[in-house]
Amino acid sequence: MELNVSSKALTNTKLPCFAATPTTNTLLNPSKSLTLASHHPLPRVPLSLSSTDPLKPRKVTAMAAGSSRDLEMSNLTALSPLDGRYWGKVKDLASSMSEFGLIYFRVLVEIKWLLKLSRIADVTEVPSFSKEAEAYLLAIIDGFSVDDALEVKKIEKVTNHDVKAVEYFLKQKCESHQEIAKVLEFFHFACTSEDINNLSHGLMLREALTSVILPSMDELIKSISLLAKEFAYVPMLSRTHGQPASPTTLGKEMAIFAVRLSEERRCLAETKIKGKFAGAVGNYNAHVSAYPNIDWPHVADEFVTSLGLTFNPYVTYSGIYYMIEPHDYMARLFNTISQFNNILIDFDRDIWSYISLGYFKQITKAGEIGSSTMPHKVNPIDFENSEGNLGKANAELTFLSMKLPVSRMQRDLTDSTVLRNMGGALGHSLLAYKSAIQGIKKLQVNEARLKEDLDQTWEVLAEPIQTVMRRYGVPEPYEKLKELTRGRAVNEESIREFIKGLDLPEDAKSQLLKLTPHTYVGAAAALALAVDEALHL
């Protein structure tokens, strides 16, 4: 691997030099040798932070793949199952939420800031770049590769500072360019590491959400809404406290989850991802000392907004200006994802229960085994996998939302190591969404079993009977139905005999006699069929 720099760059005494050494053409984790970015179309409801000039979709130029044995070994030795067993299902997050993604966005921010300085008239030391020079800088962003990221990591081994390593990397990249070489010291100008990091983390989250998480949420919600419409007219016995209750339809119960999930999805999409760019303690101290006549807060606002983030001008807490962006938006964002996940846990458990009751069958796949000793088993493993990963994700999301807004005085470094774990929380969430979607595709309604339960629970008609009795002034309607049904065996014959003996108008009595547990579903079907009107997609 060679750096694209001149020999002059390697001997310049003013610039720390980190000579490249040949490496094998194999990734440490060969499974990551695949293209890391596989972007989905952006969702129809954009994040509120979207800029009018969004970052271009990108692909990661990866090194050649190792052997299949290397890949298997990598999967076997990965510390996290996300990077091993489940890599194929979560790899779409890697281009944004990995160490590579963090380095990439740091490079982007540093270059964009240099370009911004070149457009400020009062910063005469950085004149406007020629089209060729600007294209050269942008090409570093667009062509940023795994090889480039490895070079940054090599520099970091010397500096022991990850952000400074990016600055030195860019200086080496640009040393050979005659025009840019004149302004190398304006890379990272007036910046603290947190200026670069908070914007990079915001961009990582924005890309992960718009390209991977929100589209996966949308697919999941649409899958559930399809169940709602498909089974809108399929009557089902409800259960409250685990006991038979007023019938509903299977579709309407699915619609509830689709609407609940879509509401949290909407809240997530509307969360403003914020960024600060105000220097070491948030006061533009260095900026003002160098160029006192420039309106730096305005410049910072323009710069942060140009990246597609929402500018946070007052990075404060208890009246103290912070060196760091306080991460309150992150807490809000992670809490919203956690609530989405909570709702999905509820869905997973309900589907698991319906499968247990026999309301759903699961489509089998040739060669699959459900139990190592009981050949007949077809287990609801997709929903169990989803539930388990949601629990893991929420544990991490809760920790992130509680930890990140807390920092000692103007800054401590505890957030730095914690922020590197965002990918794990999103990875387990993504894995759960995909598992649930996979499980939904295997579901097959068992109407015979649903009918069987309804046929055996005529006591659920006690509710409409006593309600009609109330309308027509029959005394003690609730008490009479309680005496008839509570703790007693009730069937079609006993219910009809009771109705016939009521002092009710003939048309009311006739309507009650037509009721069955199968038809007593109210407006459930209509609510299921109208589910799309209530979704926020």
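From a predicted model like this one, the values you see are computed outputs, not experimental measurements.

(A) Quick look at the overall build of the protein. Tallying secondary structure elements over the protein gives 24 helices and eight strands in all. The buried share of the protein, reckoned over its 537 residues, is 51%. In the protein, the share of contacts with a sequence separation of at least 24, taken over all contacts with a separation of at least 6, comes to 80%. Entry remark: accessible area of the protein is about 25600 Å², with carbon and sulfur atoms responsible for 53%.

(B) Spotlight on helix 19 (residues 462-471). When helix 19 is considered as a whole, its buried residues turn out to be Ala462, Pro464, Ile465, Gln466 and Met469. The inward-facing, buried residues of helix 19 abut helix 20 (477-485), helix 21 (492-500) and helix 22 (506-514). Following helix 19 by one or two positions, Gly473 adopts a phi angle in the positive range, close to 75°.

(C) Structural detail: the packing of aromatic side chains. In total, this model carries 16 aromatic pairs according to the counting rule given. Ring geometry for Phe189 versus Tyr291: centroids 5.9 Å apart, planes at 65°, classification edge-to-face. In this pair, Phe189 sits in the loop between helix 9 (178-181) and helix 10 (193-230) while Tyr291 sits in the loop between helix 12 (285-290) and helix 13 (296-306), placing the two residues 102 residues apart along the sequence. Each member of the pair Phe189 and Tyr291 is classed as buried. Judged by centre distance (6.1 Å) and plane angle (20°), the rings of Tyr354 and Tyr359 are stacked.

(D) Local environment of the nonpolar core. Counting 125 residues, the largest nonpolar core has Leu220, Phe277 and Trp296 as its most contacted members. Examining the composition of this core, we find that 16 residues originate from one element, helix 10, more than from any other. Shared between two domains, this core holds at least three residues of each, these being domain 1 (99-191) and domain 2 (195-367 + 377-445). Discounting residues that sit within four places of it in the chain, Leu220 has contacts with Leu261, Phe340, Leu344, Tyr433, Ala436, Ile437 and Ile440. The next biggest cluster of nonpolar side chains, apart from the first, holds 16 residues, and it includes Ile495, Leu502, Leu512 and Tyr520.

(E) Spatial organisation of the confidence of the model for the protein. For the protein, the average pLDDT comes to 84, and 80% of its residues sit at 70 or higher. Every residue in residues 60-65 is under pLDDT 50, and counting partners more than four places away or in other chains gives 25 contacts. Here residues 316-324 is a poorly scored stretch, pLDDT under 50, and it has 31 contacts once near neighbours within four places are set aside; other chains count.

(F) Structural context of helix 18 (residues 447-455). Listed as buried for helix 18 are Leu450, Asp453 and Leu454. Along helix 18, the residues classed as buried sweep out an arc of 100° about the axis, all on the same side.

(G) Spatial organisation of the pairing of strand 1 (residues 235-240). Examined bridge by bridge, strand 1 and strand 2 (residues 243-249) share five bridges and lie antiparallel to one another. In the strand pairing of strand 2, Ser238 is matched with Ala245. Following strand 1, the chain reverses through two residues before pairing antiparallel with strand 2; His241 in that reversal takes a positive phi of roughly 60°.

(H) Seen up close, the environment of Ile351. Assignment of secondary structure puts Ile351 in helix 14 (residues 328-357). Excluding anything up to four places from it in sequence, Ile351 contacts Met254, Phe360, Phe383 and Leu443.

(I) Broad picture of the pattern of salt bridges. For the coordinates displayed, the defined rule picks out 25 salt bridges. In this structure, the salt-bridge partner of Glu167 is Lys171, at a minimum N-O distance of 2.9 Å. Of the two residues, Glu167 and Lys171 are both situated in helix 8 (residues 162-174); the distance of four residues between them amounts to about one turn of the helix. Each member of the pair, Glu167 together with Lys171, is buried. Salt-bridge contacts for Asp346 lead to Arg260; the nearest nitrogen and oxygen are separated by 2.9 Å.

(J) The environment of Thr336, seen in detail. Along the chain, Thr336 falls in helix 14. It is 8.1 Å that separates the C-alpha atoms of Thr336 and Arg265, two residues lying 71 residues apart in sequence. Not counting residues within four places of it along the chain, the set of residues in contact with Thr336 comprises Glu264, Cys267 and Leu268.

(K) Just the packing of helix 10 against helix 17 (residues 422-441), in detail. The geometry of helix 10 relative to helix 17 is characterised by a closest axis approach of 10 Å and an angle of 20° between their N-to-C directions. Taken together, the axis directions place helix 10 and helix 17 in an arrangement best described as roughly parallel. In the crossing of helix 10 with helix 17, the sense of the turn from one axis to the other is left-handed. Contacts from His201, Leu205, Ala208, Val212, Ile213, Ser216, Met217, Glu219, Leu220, Ser223, Ile224 and Leu227 in helix 10 reach Met422, Leu426, Leu430, Tyr433, Ala436, Ile437, Ile440 and Lys441 in helix 17.

(L) View of the side chain of Thr457. Position of Thr457 among the secondary structure elements: in the loop between helix 18 and helix 19. Thr457 gets classed as buried once you look at its relative accessible area, which sits at 7%. At a separation of 3.0 Å, a polar atom in the side chain of Thr457 contacts the main-chain carbonyl oxygen of Asp453. The residues contacting Thr457, other than those within four sequence positions of it, are Leu237, Pro244 and Pro517.

(M) Representation of the packing of helix 6 (residues 131-142) against helix 8 in the model. Across the interface, helix 6 lies against helix 8 with an axial gap of 11 Å and an inter-helix angle of 130°. One finds that helix 6 runs oblique with respect to helix 8. The handedness of the crossing between helix 6 and helix 8 comes out as right-handed. Residues Tyr136, Leu137 and Ile140 of helix 6 form the contact with helix 8, whose own contacting residues are Leu170, Lys173 and Cys174. Looking at the contact of helix 6 with helix 8, its residues break down into five nonpolar, no polar and one charged.

Reading the values: the criteria
- Throughout this description, residue numbers start from 1 for each chain and increase along the sequence as written.
- Where totals are concerned, whole chains, interfaces and linings use all residues; where local detail is concerned, this predicted model gives features only for residues with pLDDT of at least 70, and gives and counts side-chain atom pairs only at 80 or more.
- Side-chain measures were taken over the full set of non-hydrogen atoms in the model, leaving aside hydrogen atoms and water.
- A helix here means a DSSP run of H or I that spans at least four residues, while a strand means a run of E at least two residues long, and both kinds are numbered starting from the N terminus.
- Relative accessibility decides the category of a residue: with a 1.4 Å probe and only protein chains considered, values under 20% of the type maximum give buried, values over 50% give exposed, and everything between is partly exposed.
- Contacts are residue-level and defined by heavy atoms, with any inter-residue pair within 4.5 Å sufficient.
- For the accessible areas, the method is Shrake-Rupley and the probe is 1.4 Å, while residue cover comes only from the protein chains on display.
- For this analysis, a ring pair means two rings from Phe, Tyr or Trp (six-membered ring only for Trp) whose centres lie within 6.5 Å, classed as stacked if their planes differ by under 30 degrees, edge-to-face if by over 60, and tilted for the remaining angles.
- Note on terminology: a nonpolar core comprises buried Ala, Val, Leu, Ile, Met, Phe, Trp, Tyr and Cys residues joined through side-chain atoms within 4.5 Å.
- Each domain's limits were defined by an automated method or a database of domain assignments.
- Per residue, pLDDT measures the predictor's confidence, with a range of 0 to 100.
- It is the directions from the helix axis to the C-beta atoms whose arc is reported.
- Here a strand pair is declared whenever DSSP counts at least two bridges between the two strands.
- Should a side-chain nitrogen of Lys or Arg be within 4 Å of a carboxyl oxygen of Asp or Glu, the pair is scored as a salt bridge.
- Here an axis means a line fitted to C-alpha atoms, over the contact stretch when the element is a helix, while the angle between two N-to-C directions is reported on a 0 to 180 degree scale.
- To sort the angles, those under 35 degrees are grouped as roughly parallel, those over 145 as roughly antiparallel, those from 65 to 115 as roughly perpendicular, and the leftovers as oblique.
- Should the near helix be turned counterclockwise from the far one by less than a right angle, the crossing is left-handed, whereas a clockwise turn marks it as right-handed.
- Under the rule applied, a polar contact is a pair of N or O atoms within 3.5 Å (in protein, one hydrogen donor and one hydrogen acceptor; residues adjacent in sequence only if both atoms are side-chain atoms).
- Only Asp, Glu, Lys and Arg are considered charged, only Ala, Val, Leu, Ile, Met, Phe, Trp, Tyr, Cys and Pro nonpolar, and every remaining residue, Gly among them, polar.

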